[in-house]
Amino acid sequence: MKFENVSRLTAQLQDQLRHIDFLWTTDTERFSSQNGVVRTNCMDCLDRTNVVQSAIARQMLLCVRAAVDCRAVQRHRSALIRTTKRC
């Protein structure tokens, strides 16, 4: 198996993965909605399917992490603004 091909595939799918997005909600707020799924199938090798699914999952986790980090920064900025206004 050529792992560099998996990297090329995930690079090619990056825009589509961003469009698919992920579901992120709380009890009171929806931050994002999932718009699709990715289906992989290799007729002759389950290992290849699993490697590709793992690579795609990693890409999506990086997107989730970036969104959570961004949201944390926004909350931190909002807290700073509220604190500054009180002084």
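Here, the structure is the one placed above.
Model, not experiment: these values are computed from the prediction.

Calculation rules
- Residues numbered from 1 in each chain as written.
- Predicted model: local features only at pLDDT ≥ 70, side-chain atom pairs only at ≥ 80, totals over all residues.
- Heavy atoms only, no water.
- Helix = DSSP H or I, 4+ residues; strand = E, 2+ residues; numbered from the N terminus.
- Buried < 20%, exposed > 50% of the residue type's maximum accessible area, 1.4 Å probe, protein only.
- Contact = heavy atoms within 4.5 Å.

**Q** Let's hear about the environment of phenylalanine 31: which residues, and what values?
**A** Here phenylalanine 31 is to be found in strand β2 (residues 30-32). With relative accessibility at 27%, the residue phenylalanine 31 sits in the partly exposed group. C-alpha of phenylalanine 31 to C-alpha of arginine 71: the two residues are 40 residues apart in sequence and 9.3 Å apart in space. In contact with phenylalanine 31, not counting residues within four places along its chain, are Trp24, Thr26 and Arg71.

**Q** Account for unusual backbone geometry, naming residues and giving values.
**A** Unlike most non-glycine residues, aspartate 21 shows phi in positive territory, near 60 degrees. Checked against the element boundaries, aspartate 21 lands in the loop between α1 (3-20) and β1 (24-25).

This is a description of form; function is not addressed.
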